[in-house]
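Structural overview
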There are 2 protein chains.
Amino acid sequence: MVKNAVWMKEEQVTGSTRVGMVMATIRQRIAGRSLLPGARLPSIRRLAATLGVSPSTVVEGYERLVAEGTIHSRPGSGFYVASQAVPLSLSQIGPRVDRAVDPFWVSRLSLEAGEGDLKPGCGWLPPSWLPQDNIRKALRSVSRASGPALADYGSPFGLAPLRQLIARRIAERGIEASPDQIMLTDCGTQAIDLLCRFLLEPGDTVLVDDPCYFNFQALLRAHRAKTVSVPYTPSGPDIELFGKVLAEHQPRLYVTNSAVHNPTGATLSPLVAHRVLKLADQFGLTIVEDDIFGDFEHTPAPRLAAFDGLDRVVSIGSFSKTLSASARCGFIAARPAWVEGLIDLKIATSFGGGRLDAELVLAVLSDGGYRRHMERLQSRLSRAMFEAASRLKACGIEPWLMPQAGMFLWCRLPDGIDAADIARAALAENVVLAPGNVFSVSQTATNFMRFNVSQTLDERILDVLRRSFIKASRTG
Amino acid sequence: MVKNAVWMKEEQVTGSTRVGMVMATIRQRIAGRSLLPGARLPSIRRLAATLGVSPSTVVEGYERLVAEGTIHSRPGSGFYVASQAVPLSLSQIGPRVDRAVDPFWVSRLSLEAGEGDLKPGCGWLPPSWLPQDNIRKALRSVSRASGPALADYGSPFGLAPLRQLIARRIAERGIEASPDQIMLTDCGTQAIDLLCRFLLEPGDTVLVDDPCYFNFQALLRAHRAKTVSVPYTPSGPDIELFGKVLAEHQPRLYVTNSAVHNPTGATLSPLVAHRVLKLADQFGLTIVEDDIFGDFEHTPAPRLAAFDGLDRVVSIGSFSKTLSASARCGFIAARPAWVEGLIDLKIATSFGGGRLDAELVLAVLSDGGYRRHMERLQSRLSRAMFEAASRLKACGIEPWLMPQAGMFLWCRLPDGIDAADIARAALAENVVLAPGNVFSVSQTATNFMRFNVSQTLDERILDVLRRSFIKASRTG
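Residues numbered from 1 in each chain as written. Chains lettered and ligands numbered in written order. Predicted model: local features only at pLDDT ≥ 70, side-chain atom pairs only at ≥ 80, totals over all residues. Heavy atoms only, no water.

In the structure shown here, the tally under the stated rule is 28 aromatic pairs over all chains. With centroids separated by 6.0 Å and ring planes inclined at 75°, the aromatic side chains of W124 of chain A and F351 of chain B adopt a geometry described as edge-to-face. Pair noted here: W124 of chain A is in the loop between helix 6 (104-112) and helix 7 (132-142) and F351 of chain B is in the loop between helix 15 (336-350) and helix 16 (356-366), and the two residues belong to different chains. Comparing W124 of chain A with F351 of chain B shows no difference in burial state: the two are buried. (Phe/Tyr/Trp six-rings, centres within 6.5 Å; stacked < 30°, edge-to-face > 60°. Helix = DSSP H or I, 4+ residues; strand = E, 2+ residues; numbered from the N terminus. Buried < 20%, exposed > 50% of the residue type's maximum accessible area, 1.4 Å probe, protein only.)

Shown next as structure tokens:
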């Protein structure tokens, strides 16, 4: 089962040092109920021998567990599991297998999954594909930074050298923005959230692609926006329907991905970009262009923000997909006049934002190693894309298109198969899938599924899929 | 002038290493326009001699400046300032001195102030008062953590060992919460923001103290809430008026600070706590108790959340004021049934949250050094409180009460003095003050000012105050 996921995952944090290993061992025994509340812990000598560490290491581990209240010591008698240290019961921390297949299905289950679970449905790379050595080096470098970098609030705009670097980077995609048009945020999602706060009134209508990134729907719901959608084609939104929806529903905002479209992997064509912007002008539409997958591109695809010059288009970016999701850093590039208002909103709702994560991202990006990492990562993803497509085809799963870049394959399942049924069945086998309708406002993607090629090559996944297709065709 | 603040402040980040010093030197010359776009940089040999560093250090600094696009190299000719590298003009990055004295006055100006500026009005300690050595040590420790800790998303609840530690810590204040009643957030403000999203509809009425933390007003405005207020007394809200306001306005929510009240430094009495909760029961009021200054206490004061048992009270905490504001980590302790809904909202609006900052906070808290730091800090603040009160009194500024703990002195200015006028005048001398009415919904604190005792002892501040009082009494 996927259960016990959160617990096991976080154990590994402190497990990287010997003291951490001691702590993790005890916590795991408590979690697994081989050590119950009030039970006596193994003696220091015995655990030291078992784990092959020195007794002083065990002492330090036990003392830290005392400090955090997991265990307590009785002088002269030893260490005991605290009565309050009972971990969350499995049913409390395990994901809700019975939850609805809604826009939160993939996010909650993917975020709650443990190390042993398989998550071809999730929207990010395995940590081992990210530049861990660069992050470690950057952390050591930040540990030597100035007092304000370590302990003070970030400035309202966010770290100036990082904003300058971002301005240069997005210029490579044709998006011209001065550093004072760029405001740092905690992540891409917070960037869109702030823009919704800034631009929307409750009850406003917002246009999204169909299919689109499921969290756009969740976010827009939190803003009490009405959502309408337009089918996405391999070259962008269906432009005829786009015009009709603008005329009929007068949406205030269009939220979309360019470059590498999530979930389809499609690429906006210059022609469609031109027509979208012409219609946006005609109907007074503002566009939020979420570009968080941009660093995966081999060659820059057209950006609405580049065509438009950040007039009615706002560009969003982040480093969660390519550098680290553990450090939180995203940005908004927008009209200068809007940035002031966005900063006031950022202060009101998250007071200034962090500085440490921005310092870390700056250190990684400044190092030169990040570009080399991205080049290797792009090649690795291309190979995985090819390999995953070929294996999925062998199971009767057909990619809707072969993306030019990124990690997603948007696939049609064999006829008559309901992706939500398959996803529910797979969950019982520790596999988190992303069924099509969580991406579809019109609920017309019953037969589709998104695969993350970096997490799909495990043979067990294809096995689960094959078996559930057979079962479905029997019962169907 | 306070101008150029952001720029100078952030220069210091990379200035902590020799390579950083090279980069900072060049950036400062570009910022100060002694190096114009297209200008040739000093030769490697010359700058090495000037700064007393090795030529290879200058080479590395120049290469990093090339990587970030500030300069470019012409093979065989040297390094040149890039045309795009022109820094933000001073007027663009300086704070708006002409801005209204509104709830954003103190936050924007304090966040934008530079190292050389004085900010007795700001709401946090100088970085040198925070446990920088512990943070540095924790960063080195986190640099050795597992891949998921460095690169993966945090779990929806947030790091389990940190939540367990928090459960133990708030238990010391009488707040009983199991770790699954605790959800990590990026900061205290985000915690309140999520609760407003969860509990409020646009147009709902929210009750605050008068005076109260100014950002409550900014945040509630972002939620389109109506705000009503009740005068705060030295032992909590004026309980008679509290009952009247509940009867008349039926507020959905009461947002308050306990333990160390901001800005007054007052402490809630058990009697008032009891009556507030009785009235809350009677009128179906939910209470958000912001407890971010709790770690400053010498002995625990009454908490509404403790009396109430997290039934209709939600408790908020963070580590921004006592550990680091650069790392972002706060939390919500609430009814179990509410946490699920709050997690969905957190995912929708910021996708899971960061893990790295939580790891860092956990490492600092687990170390034992944090408690020693807090003990020293409490003593230091007590001394500063006494000293600041005595010096302010000598200028005719009278503390409203002597707080039991914390960093704030809420003071009455000499008769006839308008605090906003004084704050505007002081800004021209690089001093950021916190005039009373930014804290007052009813705008009845014209004659009051909040002083942060950790940032008030500079003789220049008292000099600016004295001179502006003399000037005001002449023109008044």
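There is more to say, and it comes next.
Glancing now at helix 17 (residues 369-394) of chain B. Residue and element names in this part refer to chain B. Spanning 26 residues, helix 17 covers 38 Å between terminal C-alpha atoms, matching the ideal 38 Å at 1.5 Å per step. What helix 17 keeps buried is the set G369, Y370, H373, M374, L377, Q378, L381, A384, M385, A388, A389 and L392. Just downstream of helix 17, G396 is the residue with a positive phi angle, here 85°. (Expected span 1.5 Å × (residues − 1).)

Moving on: the sheet that holds strand 10 (residues 330-333) of chain A. Residue and element names in this part refer to chain A. On the basis of which strands lie adjacent, the open sheet formed by eight strands has the order 3-10-9-8-7-4-5-6 and mixed pairing. Every other strand in the sheet has two partners, leaving strand 3 (182-185) and strand 6 (236-237) as the edge strands with one partner each. Here strand 8 (residues 286-290) runs beside strand 9 (residues 313-318); their pairing, made up of four bridges, is parallel. Bridged to I287 within strand 9 is V313. (Pairing = 2+ DSSP bridges.)

Once chain B is rotated about the relating axis by 180° and shifted along it by 0.0 Å, it coincides with chain A to within an RMSD of 0.2 Å. Overall, the copies show the geometry of a two-fold rotation axis. Considering only C-alpha atoms, the residue of chain B closest to the rotation axis is R140 of chain B, which sits at 2.7 Å. Interface overlap between copies is the fraction of interface residues in one copy that are interface residues in the other; for chain B against chain A it reaches 100%, indicating a shared surface. (Least-squares fit on C-alpha atoms with pLDDT ≥ 70 in both. Contact = heavy atoms within 4.5 Å.)

On to the pattern of salt bridges, then. A full pass over the atoms with the stated rule returns 48 salt bridges over all chains. The salt bridge partner of R224 of chain A is E201 of chain B, with a shortest N-O separation of 3.3 Å. Placement of R224 of chain A in the loop between helix 11 (214-222) and strand 5 (226-233) and of E201 of chain B in the loop between helix 10 (188-199) and strand 4 (205-210) is noted, with the two residues assigned to different chains. In this structure, D295 of chain B engages R173 of chain B in a salt bridge whose closest nitrogen and oxygen atoms are separated by 2.4 Å. One end of the pair, D295 of chain B, is in the loop between strand 8 (286-290) and helix 14 (304-308); the other, R173 of chain B, is in the loop between helix 9 (160-171) and strand 3 (182-185), and 122 residues separate them in sequence. Each of the salt bridges in this network shares a partner with another, and the network as a whole consists of R169, R173, D291, D295, E297 and R303 of chain A. (Salt bridge = Lys/Arg side-chain N within 4 Å of Asp/Glu carboxyl O.)

Quite often, the size of an interface is put as the accessible area lost when its parts meet. Each side of the interface is counted separately: chain B has 100 residues, and chain A has 100 residues. On the surface where chain B and chain A come into contact, there are eight salt bridges. Ionic pairing is found between R108 of chain B and D344 of chain A, a salt bridge with its closest N-O pair at 3.0 Å. Counting the contacts that link chain B with chain A gives 38 residue pairs in polar contact (both at pLDDT 80 or more). With eight residues, helix 15 of chain B is the single largest residue contributor to the side of chain B that touches chain A. Residues belonging to the side of chain B that touches chain A are distributed by class as follows: 43 nonpolar, 27 polar and 30 charged. (Polar contact = N/O pair within 3.5 Å; in protein donor to acceptor, adjacent residues only side chain to side chain. Nonpolar A, V, L, I, M, F, W, Y, C, P; charged D, E, K, R; others polar.)

Moving on, we get to the environment of C122 of chain A. All names here are of chain A. Inspection of the secondary structure puts C122 in the loop between helix 6 and helix 7. Taking C-alpha positions, C122 is 27 Å from A138, a pair spaced 16 residues apart along the chain. Setting aside anything within four residues of it in sequence, one finds C122 in contact with V106, S110, F408, R450, N452 and Q455.

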